[in-house]
Amino acid sequence: MADLTAADIENINEIWCKIYANPEESGKTVVIRLFTTYPQTKVYFKNLKNIATLEEMQVNPGIRAHGKRVMGALNQVIQNLNDWEVVSSALTHLAQRHQDVHKVGVNNFQLLFLVILTIFKEALGADFTPEHCKSWEKLFSITYNFLDSCYTKSDS
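Residues numbered from 1 in each chain as written. Predicted model: local features only at pLDDT ≥ 70, side-chain atom pairs only at ≥ 80, totals over all residues. Heavy atoms only, no water.

Asks: Mind showing me how you'd approach the side chain of Thr143 here?
Replies: Following the sequence through the fold, Thr143 ends up in helix H7 (residues 130–155). Thr143 sits in the buried class, given a relative accessible area of 6%. Among the polar contacts listed, one links the side chain of Thr143 to the backbone oxygen of Leu139, at a separation of 2.8 Å. (Helix = DSSP H or I, 4+ residues; strand = E, 2+ residues; numbered from the N terminus. Buried < 20%, exposed > 50% of the residue type's maximum accessible area, 1.4 Å probe, protein only. Polar contact = N/O pair within 3.5 Å; in protein donor to acceptor, adjacent residues only side chain to side chain.)

Asks: What's the story with the UniProt feature "domain: Globin" (unreviewed entry) in the chain in this structure? I'm lost.
Replies: Per the UniProt entry, the sites bearing "domain: Globin" (unreviewed entry) are residues 3–152 in this numbering. Within residues 3–152, the helical portion is 75% and the strand portion 0%, while the C-alpha atoms at the span's ends are 21 Å from each other. (UniProt positions renumbered as here; feature names shortened; annotations may be inferred.)

Asks: Would you explain the packing of aromatic side chains in this entry?
Replies: The relative placement of two aromatic rings is captured by the distance of their centres and the angle of their planes. Enumeration according to the criterion identifies 8 aromatic pairs in this entry. Taking the centre distance of 5.6 Å and the plane angle of 75° together, the rings of Phe120 and Phe128 count as edge-to-face. Residue Phe120 is classed as buried on the basis of its relative accessible area of 2%. The exposure class assigned to Phe128 is buried, which follows from its relative accessible area of 7%. (Phe/Tyr/Trp six-rings, centres within 6.5 Å; stacked < 30°, edge-to-face > 60°.)

So this is what it looks like as structure tokens:
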């Protein structure tokens, strides 16, 4: 994460402490927003793709469980921002699983990251400053570029 400055890492951690206080609820919010904003992403979830209403999404244990996994994966990255070896290993495994097992296109990670940024802006308001946003955008850009390179290597 060489492109992240100490200030970026501080900004990311400051926001993450607030969001990760309740990972299950935050994760559920992310998955529901992903499905409502980008409904085409539901096709990758064989057990969730037939959930039609927001009310069904709110109470679905599968959505809650996947949201918690998303937050856990992101937490692993954030907790290791100073150890690229740990982050790259986690992201490589994530990319391989999503590409080879789940058949999820890498572009879906960009959609997920856009959803997360939108939720941060809405949930945190003025506490999610432009500086915070830039740091998170930088983190998501680095993460996406790494995931994309994993997909590209796998295609070769």
